[in-house]
Amino acid sequence: MRRSVGLGLLMTLACPLVLAGQGVLAADSLAKAASAASAANTVAINFVWTLVAGFLVMFMQAGFAMVETGFTRAKNAAHTITMNFMVYGIAMLAYWAIGFALQAGGVGALGTLGGYDKLAHEFSLTIAGKEWGLFGGTGFFLTGVAYTAPVFAYFLFQMVFMDTAATIPTGALAERWKFSAFAVFSVFVGAVIYPIYANWTWGGGWLAMLGKNLGLGHGHVDFAGSSVVHMTGGVMAFVTAALLGPRRGKYNADGSVNAIPGHNIPMALIGTFILAFGWFGFNAGSTLAGSDLRIGVIATNTMLAGAAGGITSMLYMWFKYGKPDPSMMANGTLAGLVAITAPCAFVTAPSAVLIGGIAGVLVCVAVFFIDGKLRIDDPVGAISVHGVNGLWGILALGLLADGTYGDGWNGVNGAVRGLFYGDASQFIAQAIGGVANVVGVGAMAFVAYKVTAFLVGGHRVAPEVEELGLDLPEMGALAYPDSPEVASAVILSETASRGVGHLEPEPEAV
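Residues numbered from 1 in each chain as written. Predicted model: local features only at pLDDT ≥ 70, side-chain atom pairs only at ≥ 80, totals over all residues. Heavy atoms only, no water.

Section: the layout of surface pockets
Put simply, the test is: Points on a 1 Å grid over protein atoms alone make up a cavity when a 1.4 Å probe fits among them but cannot get out, and a pocket when they form an open set with protein on both sides within 12 Å along at least five of seven lines; lining residues each have an atom within 4 Å of a point. Grid points are joined across faces, edges and corners, and a volume is the space filled by probe spheres set on the points. Only DSSP runs of H or I with at least four residues qualify as helices, and only runs of E with at least two residues qualify as strands; both kinds are numbered from the N terminus onward. Amino acids outside the nonpolar list (Ala, Val, Leu, Ile, Met, Phe, Trp, Tyr, Cys, Pro) and the charged list (Asp, Glu, Lys, Arg) are all regarded as polar, and Gly is one of them.
Roughly 770 Å³ of volume is contained in the largest pocket. Forming the walls of the largest pocket are 26 residues, and the residues nearest its centre are Tyr 154, Trp 202, Ser 286, Leu 288 and Trp 409. Elements supplying a minimum of two residues to the lining of the largest pocket: helix H3 (149-172) and helix H4 (179-202). Counting residues per element, the lining of the largest pocket draws most heavily on H3, which supplies 4 residues. Of the residues assigned to the lining of the largest pocket, the class counts are 14 nonpolar, 10 polar and 2 charged. Its volume calculated, the second largest pocket comes out at about 580 Å³. Lining the second largest pocket are 28 residues, and of these Lys 250, Ile 260, Ser 327, Val 367 and Pro 379 lie nearest its centre. Elements with a contribution of two residues or more to the lining of the second largest pocket: helix H9 (326-340), helix H10 (349-373) and helix H11 (382-400).

Quick look at the confidence of the model for the chain
In low-pLDDT segments, the atomic positions of the prediction should not be examined closely. Short version of the rule: Confidence scores here are pLDDT values: one per residue, from the predictor, ranging 0 to 100. A contact between two residues is defined here by any heavy atoms of the two lying within 4.5 Å.
Per-residue pLDDT for the chain has a mean of 92; in total, 89% of the residues score no lower than 70. Considering only residues more than four positions removed or in separate chains, one finds that residues 491-502, a stretch of pLDDT under 50, has 16 contacts.

Observations concerning unusual backbone geometry
The phi angle at Tyr 147 is positive, at roughly 60°, despite the residue not being glycine. The phi dihedral of Arg 375 falls on the positive side, at around 55°, and the residue is not glycine. Mapped onto the elements, Arg 375 comes out in the loop between H10 and H11.

Quick word on the packing of helix H2 (residues 77-104) against H4
Spelled out, the test is: Interaxial angle, 0 to 180 degrees, is taken between N-to-C directions of lines fitted to C-alpha atoms, where a helix line uses only the stretch in contact. The scheme is simple: roughly parallel for angles under 35 degrees, roughly antiparallel for over 145, roughly perpendicular for 65 to 115, oblique for anything else. Two helices crossing with the near one rotated counterclockwise from the far one by less than a right angle form a left-handed crossing, whereas a clockwise rotation gives a right-handed crossing.
At their nearest, the axes of H2 and H4 sit 7 Å apart, and the two run at 45° to each other. Compared by their axis directions, H2 and H4 come out oblique. Handedness of the crossing formed by H2 with H4: right-handed. Here the contact of H2 with H4 is built from residues that sort into 20 nonpolar, 7 polar and no charged.

What to know about the packing of H11 against helix H12 (residues 424-456)
At a closest axis distance of 7 Å, the pairing of H11 and H12 adopts a crossing angle of 165°. In terms of orientation, H11 lies roughly antiparallel with respect to H12. The handedness of the crossing between H11 and H12 is right-handed. On the side of H11, the interface is formed by Leu 391, Ile 394, Leu 395, Leu 397, Gly 398 and Leu 399, while H12 contributes Gln 426, Phe 427, Gln 430, Ala 431, Gly 433 and Gly 434.

Quick word on the pairing of strand S1 (residues 122-127)
Strand residues, when the strand is regular, have side chains that alternate between the two faces of the sheet. To keep it simple, the criterion reads: Strands pair, by our definition, only if DSSP identifies at least two bridges between them.
Relative to strand S2 (residues 130-136), S1 is paired through 6 bridges, and the arrangement is antiparallel. Bridging across to S2, Glu 122 finds its partner in Gly 136. From the end of S1 to the start of S2, which pair antiparallel, there are 2 residues, and Ala 128 there has a positive phi angle of about 55°.

Structural notes on the pattern of salt bridges
Operational definition: Basic side-chain nitrogens of Lys or Arg form a salt bridge, by our definition, when they fall within 4 Å of a carboxyl oxygen of Asp or Glu. Exposure classes here rest on a 1.4 Å probe applied to the protein chains alone. A residue is buried below 20% of its type maximum, exposed above 50%, and partly exposed in between.
All told, the structure shown has 7 salt bridges when counted by the stated rule. Here Arg 247 and Asp 377 are joined by a salt bridge, their closest N and O atoms 2.7 Å apart. On the criterion of sequence distance, the pair formed by Arg 247 in the loop between helix H6 (226-244) and helix H7 (265-284) and Asp 377 in the loop between H10 and H11 is long-range, its members being 130 residues apart. Each member of the pair Arg 247 and Asp 377 is classed as buried. Between Glu 466 and Arg 460 there is a salt bridge; the shortest N-O distance is 3.0 Å.

Regarding empty space enclosed by the protein
Enumeration over the complete set of coordinates arrives at 1 cavity of 30 Å³ or more. Put simply, the largest cavity is a space of about 80 Å³. If you go around the largest cavity, the residues you meet are Phe 64, Val 67, Glu 68, Ile 168, Leu 275, Asn 331, Leu 334, Val 380, Gly 381, Ala 382, Val 385 and His 386. Of all elements in the fold, only helix H1 (2-70), H9 and H11 reach the threshold of two or more residues within the lining of the largest cavity. Classifying every residue of the lining of the largest cavity gives 8 nonpolar, 3 polar and 1 charged.

Side note on H6
Residues lying three or four places apart along an α-helix face the same way, a consequence of the helix completing one turn every 3.6 residues. Where we set the bar: Multiplying 1.5 Å by the residue count of a helix minus one yields the expected span of that helix. The seven residues ending at a residue and the seven starting there each receive a fitted axis; the angle between those axes is the bend at that residue.
Its 19 residues give H6 an end-to-end C-alpha distance of 25 Å, which sits within 8% of 27 Å, the value for a rise of 1.5 Å per residue. At Thr 232, H6 shows its maximal kink, close to 25°. The buried fraction of H6 amounts to 17 of the 19 residues, a majority that puts the element mostly inside the structure. A positive backbone phi angle near 90° is found at Gly 245, which sits one or two residues after H6.

Focus on the packing of aromatic side chains
What counts here: Pairing of aromatic rings covers Phe, Tyr and the six-membered ring of Trp, with a centre-to-centre limit of 6.5 Å; geometry is then stacked below 30 degrees between planes, edge-to-face above 60, and tilted otherwise. We count a charge as sitting over a ring when the NZ of a lysine or the CZ of an arginine lies within 6 Å of the ring centre and within 35 degrees of the ring normal.
Counting across every chain of the model gives 21 aromatic pairs. Taking the centre distance of 5.7 Å and the plane angle of 40° together, the rings of Trp 279 and Phe 282 count as tilted. Of the two residues, Trp 279 and Phe 282 are both situated in helix H7; the distance of 3 residues between them amounts to about one turn of the helix. Phe 282 carries the same exposure label as Trp 279, and that label is buried. Here the aromatic cluster, defined as three or more aromatic residues joined through ring pairs, consists of Phe 157, Phe 161, Trp 202, Trp 279 and Phe 282. The side chain of Arg 375 reaches across the aromatic face of Tyr 251, ending 4.2 Å from its centre.

Printed below as a string of structure tokens:
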């Protein structure tokens, strides 16, 4: 009897201890489950954010199409908008087949998208014991990664960025570029030109390693593409527009310049609104993480810089030429957006306004300098908007990054700081990235232009086609079949004007 009572008391005392132990185990299991669920939810949020941002950037193609078409003449509207339409498919498939692997084949783990780490084959040179990446080698045709969701999401987001760069030359070469030449050149952009420079900066290439290898800040930093996307497009536009030569009647024999106004300013301004809207995906989406609360700062800085660029370009034109000029307001807004694209995550709101405001003036000065002094005909101002202000954007980061964001960027400890916040070496890295773009992208664009000319028999349409409009001869359809063309015609001076029956070829520059 006493034994039974003793066992009963022992069990009574032991039960709470056993239950307490089970409670600790259960609580631990629940904590682990909650942590795993939270991590899975974070990755899912990042996936959705990245894809939605990519969709926004894709819609920017409509904005580019409207801006470039509005800024060109009605007789070429179908040709201009078709280039903007088809560059999406042509450059995309080239990027899918070759370009993505060259850009991202060695990018390493996709941390915000689940940590997939098989994109790890980077072709590099070893100099003084340091690795200097040149291009990736994994993911051609998206093979070897079938149904790997992180890679597919990353591909989609990077592809629409490439396509933004690919569409920039279509504006600078509008109204005299053969459609066949455009199609072949766009293959080179998607397959080689854009991906190589993108690898250098975003794919673990040598520009990104300037910090780890040489102690130059965090290496070349470009948050969302001032250099990778916009400057690349602007440099391609500069090289190819110089080689193609100006439109007929743009310059008189005495060196004076004829204005050739676009046919639809409302279309161009609506296109600018679409681009400004898509830019929220362009910049804030470059976190690849909806869980990164910096997206609020990035989006607001983007908006402020675009507004500042539009205002300063308006004031500059108004004070200097007596009229505010809607086309330059549009380009000023776009210039502000281009310039803030690199530093948007690293600068304060006042700095964002300053960067955008400078860009608005810079685009006006650059348009007149390139058009009048360099005599390079750019119908939409693409070189000034994207090339000049892409360069300004990366340099602005090197000056104004304030050290509150970017810890560990490109494998360097500490946040990103510019010259004005104590790190002069970051500005040097930014400048090196700009020089590398001009030299590297410029050389690749030159070679691609020459190879394209060999394959399709030149880049330029016949002089009769250019004079009468590219829509019917090149596309087989008029943009405005029921509208007179008088308002779209350039009025030439006596020395520059020739009869249609006596046209002489406008030679391509060499």
